[in-house]
There are 4 protein chains.
Amino acid sequence: MSGSVFGKCFTVTTWGESHGKALGAVIDGCPAGVKIDEEYIQSFMDRRKPGSSRYATKRVESDKIEILSGVFEGVTTGAPVSLILYNESQRSHDYSDIAHVYRPGHADYTYDVKYGIRDYRGGGRSSGRETSARVAAGAVAIKALSELGISFLTYVSSVGDISCDDNNFDKDFINQNELYMPDRAAYEKARAYLDEVASKGDSSGAAVKCIVKGVPAGIGDPCFDKLDARIAGALMSIGAVKAVEIGNGIEASRSRGSLNNDGFCAEDGKVFKKTNNAGGILGGISDGSDIVIKAHFKPTPSIYSEQSTVNSDMENVKINIKGRHDPIIAPRAAVVVEAMTALSILDLLLCGMGSKMENVLKVYNN
Amino acid sequence: MSGSVFGKCFTVTTWGESHGKALGAVIDGCPAGVKIDEEYIQSFMDRRKPGSSRYATKRVESDKIEILSGVFEGVTTGAPVSLILYNESQRSHDYSDIAHVYRPGHADYTYDVKYGIRDYRGGGRSSGRETSARVAAGAVAIKALSELGISFLTYVSSVGDISCDDNNFDKDFINQNELYMPDRAAYEKARAYLDEVASKGDSSGAAVKCIVKGVPAGIGDPCFDKLDARIAGALMSIGAVKAVEIGNGIEASRSRGSLNNDGFCAEDGKVFKKTNNAGGILGGISDGSDIVIKAHFKPTPSIYSEQSTVNSDMENVKINIKGRHDPIIAPRAAVVVEAMTALSILDLLLCGMGSKMENVLKVYNN
Amino acid sequence: MSGSVFGKCFTVTTWGESHGKALGAVIDGCPAGVKIDEEYIQSFMDRRKPGSSRYATKRVESDKIEILSGVFEGVTTGAPVSLILYNESQRSHDYSDIAHVYRPGHADYTYDVKYGIRDYRGGGRSSGRETSARVAAGAVAIKALSELGISFLTYVSSVGDISCDDNNFDKDFINQNELYMPDRAAYEKARAYLDEVASKGDSSGAAVKCIVKGVPAGIGDPCFDKLDARIAGALMSIGAVKAVEIGNGIEASRSRGSLNNDGFCAEDGKVFKKTNNAGGILGGISDGSDIVIKAHFKPTPSIYSEQSTVNSDMENVKINIKGRHDPIIAPRAAVVVEAMTALSILDLLLCGMGSKMENVLKVYNN
Amino acid sequence: MSGSVFGKCFTVTTWGESHGKALGAVIDGCPAGVKIDEEYIQSFMDRRKPGSSRYATKRVESDKIEILSGVFEGVTTGAPVSLILYNESQRSHDYSDIAHVYRPGHADYTYDVKYGIRDYRGGGRSSGRETSARVAAGAVAIKALSELGISFLTYVSSVGDISCDDNNFDKDFINQNELYMPDRAAYEKARAYLDEVASKGDSSGAAVKCIVKGVPAGIGDPCFDKLDARIAGALMSIGAVKAVEIGNGIEASRSRGSLNNDGFCAEDGKVFKKTNNAGGILGGISDGSDIVIKAHFKPTPSIYSEQSTVNSDMENVKINIKGRHDPIIAPRAAVVVEAMTALSILDLLLCGMGSKMENVLKVYNN
């Protein structure tokens, strides 16, 4: 299962299964000199913690993050930063009913085909819990980026058919509701919708928007490591994401050039754009505007209704999934979107330091 | 500009600028034994060739592909396959009007910031012409995949607001119209729309759909090199792409689990799915169903109207872009979508050969 | 400090400092189906354990390895294998005397220049203790290779000027002496020499030889990932190694073609070589003969004599290094040589599975 | 044959066979702003050109290098630099005698096993001619490094048993003799020796030394991308190299710590070392001293005597290799050693730019 390593310069390797001893991430290539501590990282972990809202699973996990290496006296040393969180909620359990049955919408079948063996106690690596390690590593990236003046604003922009209205945008409200929505009216509707969905044992899809401010122009490496390419890949690697948009995204495919092009302006020797349909990226390189991205999540595949499926003996069977699961993924996944975006940006920012000799001389000839 | 290398096992490096001497691709890691010749690759090049339709630029390029290495007596040898195509249409030209002006929607500004120097004779690496090298490499990948029974169907699924209707799907029609649309009625509407758009010197966005048949279950490396993650990154790296969807994509975010989950069925010892909302990928691994993806293209940024912008002296100026440019990108880019999808699948297919010891023993213990 | 990731297909990331909380390795890309447990890995850890011989440091560490993920019911699942060992011997200590002084032959100075900060409590990442994580990961690789019939024989071939004589080679004796030498007479001399060296507070260099049997022909990826290139890089990455030889190594540079070429022979449809000056590698690819390599270690830089050096204020000072350190590195490092060789071979073996379509079809068309 | 890509940040992909149409290299990640032209690169190509001395093959090749992309008006643009040289000496030839016979000391057999097909017209990728592409890319790296004040001195330090004496070191003489030796007396002996060797149709091994001046302290990424590890791997990837030494190399394994440690000194606020046994690298990171390395080459495997071998039908046969081949490889390979060393250093120098936040801020906050 090569594939658990992300990034070229700020390289993150995640490990751990949902029902194993622990999960973790190792960051290789973190610049020395980033001030970081467990408390800071924990504040990100808490945003994806289950049990914090009525729409999240009741499974109790403290998700307590621990730094094992790479930080000395509160500062990164340039050595690999190893982060670990133990699984506290490993209940001894009877899995015999699902061990050999492939849950619809889950990765049980594909893992069995690929590896010939599967830790049937949970989703293993395909569990949403795997993303906790991404969040831990992402928190370190976000801290490093903040020292460069880069900040993130992430929220749930739609639940099912209910979309937030930009005219009702209330930044402060995002952290005041368990759905992390910035529009109170939309939130109220979404809450009613989710109550109805949950009451039927069903689940709902949703979308997460992430806006990154302060990214300097010049980040992204054409042609294959373009900033938007990297972010798209990073977000699509999150479990339930089925679509990614940059800037006005799909809307661009319905638009005309005369409307879609963002004109440049100059003021006080600085370039800016009057509009930002491009989402802050031109030719795969940041242009100094806000980076704007959206990730679309499918509904939680675990639902409380009987479903048709097959088992590993290739027999048609019925399945009733028990246990705890959220009727909506996006609120807890918003911080994962933020983390993956941050990892993408920081990696390309570091990889691009040598884009011109002028920069190389700045670092080595002083 | 590190970033011109794609893939880990089937590694493609592209090079060349729109107005330089030549462009090319080097494939490292192509298995020995793939039957390939220039004629086969050329048939793919011709699909993105300019000048082939009324909606494509009049620039005349033969886009004649040449194999320089890695093929001996019609078969790949395992050595790097070097592919080249010369730029024949390098007209001596007066670029003084655009050399220092940043075209809206183009990468002129971001390249200048990043590299401090820019080949102002054209888009350089950000030109659509760069994708010709991807198509050449992609053709080799598609040939290798065809030897495994994998095939591609790619077409323009919407132009502006006009979408093809699945009920009118006519596979044969795709190659009978210059827009590569599978729905004759939608094509007629799109053609009328594009005539109107072009008459105003404007341009239109569009979407391309790609369906891959015959991909065995088990391809894709969680958690970061998932098949959908890789494809999303690959497609978003194509110049004008602003959104990527897998399976039902954005629709999933509006759906419910009970509707969105694809139930598994078994028949004659084989697993299949009754529906394919997932687009053939579960947990980032192919499930044996068709892989279904969609890429959304913004309108061509080069339009024939005066636009506001800035120059490299940070002055506000007006620009009128001359030269030849398509009012729509997608028809010529469809083959690029196919190529990047093929490169993604083949790379992961090769990287995943060692997913279980059983496979390792098959290769080395015979 | 990007650089802690080794391998492309069997990817090992190590982390941890000599005086931090713990050290570990994460293996990404281990094929599913390798039977492995902590006891097996521990047997390798014990070979580099300090305190096991009169020539090793007295520092007591249990070096108890723990598997945190990727193994289910005694078998690898294809998920990342996370291995950890805690530092038990973190004594609270007064480091003020060495915190700002650069020990000769150590990496204190270069780390300070590179990172601007250093965990002065020990060698940090440059400590020999870092190699314990390599050994843990190497043990997993060796287990996987053993399932393919590949085995290792590793020993100390010279200490200072004292070399083992092939005519006295006694395989069983290797594990019967604390210097891991295969020649009893040479061992006796080496022991006397080391007693003398140690009595003066000095240290000695030495060489380690590793012979790998059963590697199938065809492993190694020209031109830059040749098997010998990869092994050479892997061995030179071990702390004190200053030279690496493949086959007859330096002797080849003094030889003639007529003497140095290994003639091929055929018997019963199998190819073999009458001699093995090449060390089992031709053109960077294994030829089916034994892989033979040698790594040369410098003397332990920590010695018990006063040395001249500088401190971080750029003052000339004297230093007397206290603490526990071995007068010879090689005996404990032999298992590290074996581990790095195994990681190199397994990685290339997995990466090379797709060298021909015939193999690809074996895996995917059955 | 994945394996033709070298480096992470300054990424070089080589392609081409000895008897194909052309060979080339693509550099991805070259910083913009390096002043480079074909003439400069050609001067390096000429150092490995055959036919230039009595000991080199008579094969006539102009080895004329051409830049196809990435350079605009004499300066790199940050886009991939594509370099090509055509094979002019592709004589139509009867290869039937060697097409199915495995030459001793060559890679014919291993390529056949690995790829199942082989371009039998020459060594293909295992030919020494492959290194011409490395030299072309290396020349660009050397130019970039020279802009940072880094320079190279490379020469043949021994031929067979004849070693240059440091006391007779004459830098100017290196380019005045076809063996690139710095010691006139040793050269005279070597010349007599080679005459004798050649007269018998035999060949000789040799060693090449490379000294790099001006490398700033801090280059190299522990633990696996240490500067010495990278260089060792790079040099061992050159066809006939069988051993690599850093600093005093093998001598270190015979030495004592008290003799081998290089004491640090400070003068005028600068650190230097009194001796340089370490070869300028401590803990895998450059220490500001000269980088000193040595590569040992085996004798040319193509000799003019009858040899025993096997053919692809597994029959024991005799072979008499015809054609043109050098009795010694090292003089022409010296520039390859220099090129690979330069590629290693520049790559790590670029990759290491983000080793501390201080550097990141220098580049992005100005």
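Relevant structure appears above.
Computed from a prediction, not measured in an experiment: that's the story for all the values here. (Residues numbered from 1 in each chain as written. Chains lettered and ligands numbered in written order. Predicted model: local features only at pLDDT ≥ 70, side-chain atom pairs only at ≥ 80, totals over all residues. Heavy atoms only, no water.)

Caption draft 1: Spatial organisation of the side chain of Lys-273 of chain A. Residue and element names in this part refer to chain A. Tracing the backbone shows Lys-273 in strand β13 (residues 270–273). Within the local environment of Lys-273, its side chain forms a polar contact with the side chain of Asn-276, the two groups lying 2.9 Å apart. One polar contact links Lys-273 to Asp-287, side chain to side chain, over a distance of 2.5 Å. (Helix = DSSP H or I, 4+ residues; strand = E, 2+ residues; numbered from the N terminus. Polar contact = N/O pair within 3.5 Å; in protein donor to acceptor, adjacent residues only side chain to side chain.)

Caption draft 2: Helix α1 (residues 38–45) of chain C, seen in detail. Buried within α1 of chain C we find Ile-41, Gln-42, Phe-44 and Met-45 of chain C. The buried residues of α1 of chain C occupy an angular sector of 155 degrees when the element is viewed end-on, so they sit on one face. (Buried < 20%, exposed > 50% of the residue type's maximum accessible area, 1.4 Å probe, protein only. Arc of directions from axis to C-beta.)

Caption draft 3: Region of the structure containing helix α4 (residues 184–199) of chain A. Residue and element names in this part refer to chain A. With 16 residues, α4 extends 22 Å between its outermost C-alpha atoms, agreeing within 8% with the 22 Å of an ideal straight helix rising 1.5 Å per residue. Buried-residue contacts for α4 involve β8 (151–159) and β9 (162–163). Between a side-chain oxygen at the N-terminus of α4 and the backbone nitrogen of Ala-185 the separation is 2.9 Å; the capping residue is Asp-183. Directly after α4, the chain includes Gly-201, whose backbone phi takes a positive value near 70 degrees. (Expected span 1.5 Å × (residues − 1). Contact = heavy atoms within 4.5 Å.)

Caption draft 4: Molecular detail of the interface of chain A and chain B. Counting from both sides, the interface comprises 105 residues of chain A and, opposite them, 105 residues of chain B. Between chain A and chain B, a total of about 8,100 Å² is buried, with carbon and sulfur atoms accounting for 57% of that surface. When the buried surface of chain A facing chain B is broken down by residue, Lys-114, Phe-224 and Lys-242 of chain A rank first, second and third, together holding 11% of it. Residues Asp-221 of chain A and Lys-114 of chain B are paired through a salt bridge, measuring 3.1 Å at the closest nitrogen-oxygen approach. Across the chain A-chain B interface, the total number found is 47 residue pairs in polar contact (both at pLDDT 80 or more). With six residues, the top contributor of residues to the side of chain A that touches chain B is helix α2 (residues 108–115) of chain A. Across the side of chain A that touches chain B, the residue classes break down as 43 nonpolar, 37 polar and 25 charged. Across three bridges, strand β11 (residues 241–246) of chain A lies against strand β11 (residues 241–246) of chain B in antiparallel orientation. Counterpart to Val-244 of chain A in the pairing with β11 of chain B is Val-244 of chain B. (Buried area = accessible area lost by both parts, 1.4 Å probe. Salt bridge = Lys/Arg side-chain N within 4 Å of Asp/Glu carboxyl O. Nonpolar A, V, L, I, M, F, W, Y, C, P; charged D, E, K, R; others polar. Pairing = 2+ DSSP bridges.)

Caption draft 5: Spatial organisation of the packing of helix α3 (residues 131–146) of chain D against helix α8 (residues 330–351) of chain D. Residue and element names in this part refer to chain D. Their axes nearest at 8 Å, the elements α3 and α8 cross at an angle of 50 degrees. Put simply, α3 runs oblique to α8. Read as a crossing pair, α3 and α8 show a hand that is left-handed. The segment α3 lies against α8, with Thr-131, Arg-134, Val-135, Ala-137, Gly-138, Ala-141, Ile-142, Ala-144 and Leu-145 engaging Val-335, Val-336, Glu-338, Ala-339, Met-340, Ala-342, Leu-343, Ile-345, Leu-346 and Leu-349. Of the residues belonging to the contact of α3 with α8, the class tally is 15 nonpolar, two polar and two charged. (Axes fitted to C-alpha atoms, helices over the stretch in contact; angles between N-to-C directions. Parallel < 35°, antiparallel > 145°, perpendicular 65-115°, else oblique. Left-handed = near helix turned anticlockwise from the far one by under 90°.)

Caption draft 6: Spatial organisation of the relation of the copies chain A and chain B. You can overlay chain A on chain B at an RMSD of 0.0 Å; the transform is a turn of 180 degrees with a shift of 0.0 Å along its axis. Considering both components of the superposition, the chain copies are consistent with a two-fold axis. Minimal C-alpha separation from the rotation axis in chain A is found for Gly-233 of chain A, amounting to 2.1 Å. Looking at chain A, 100% of its interface residues are interface residues in chain B too, so the copies touch through the same face. (Least-squares fit on C-alpha atoms with pLDDT ≥ 70 in both.)

Caption draft 7: Region of interest: the state of the cysteines. What the rule picks out here adds up to four disulfides over all chains. Here Cys-9 of chain A connects covalently by a disulfide to Cys-351 of chain A, the sulfurs 2.5 Å from one another. Handedness here is read from the sign of the S-S torsion; for Cys-9 of chain A and Cys-351 of chain A, about 120 degrees, the answer is right-handed. Within this pair, whereas Cys-9 of chain A is found in the loop between β1 (5–6) and β2 (11–16), its partner Cys-351 of chain A is found in helix α8 (residues 330–351), the two being separated by 342 residues in sequence. Accessibility assignment for this pair places Cys-9 of chain A and Cys-351 of chain A in one class, buried. Cys-210 of chain B carries a free sulfur, and the closest cysteine sulfur to it, the one in Cys-164 of chain B, is 15 Å from it. (Disulfide = S-S within 2.5 Å.)

Caption draft 8: Representation of the side chain of Arg-134 of chain D. Tracing the backbone shows Arg-134 of chain D in helix α3. A distance of 2.8 Å separates the side chain of Arg-134 of chain D from the side chain of Ser-237 of chain D, its partner in a polar contact. Those residues within four positions of Arg-134 of chain D in sequence are excluded, and the remaining contacts are Cys-223, Phe-224 and Lys-226 of chain C together with Thr-14, Ala-234, Ser-237, Ile-238, Val-336, Ala-339, Met-340 and Leu-343 of chain D.

Caption draft 9: Fine view of the environment of Arg-191 of chain C. Residue and element names in this part refer to chain C. In this fold, Arg-191 is placed in helix α4 (residues 184–199). In this structure Arg-191 comes out as partly exposed when scored by relative accessible area, which is 30%. For the pair Arg-191 and Leu-179, spaced 12 residues apart in sequence, the C-alpha separation works out to 8.2 Å.

Caption draft 10: Layout of the interface of chain A and chain C. Residue-level contacts link 44 residues of chain A with 44 residues of chain C. When chain A packs against chain C, the two sides together hide about 3,100 Å² of surface, and 62% of this comes from carbon and sulfur. Considering only the surface of chain A that becomes buried against chain C, Trp-15, Leu-68 and Phe-72 of chain A emerge as the three largest contributors, covering 19% of it. Scanning the region where chain A abuts chain C turns up four salt bridges. The tally of links from chain A across to chain C stands at 12 residue pairs in polar contact (both at pLDDT 80 or more).

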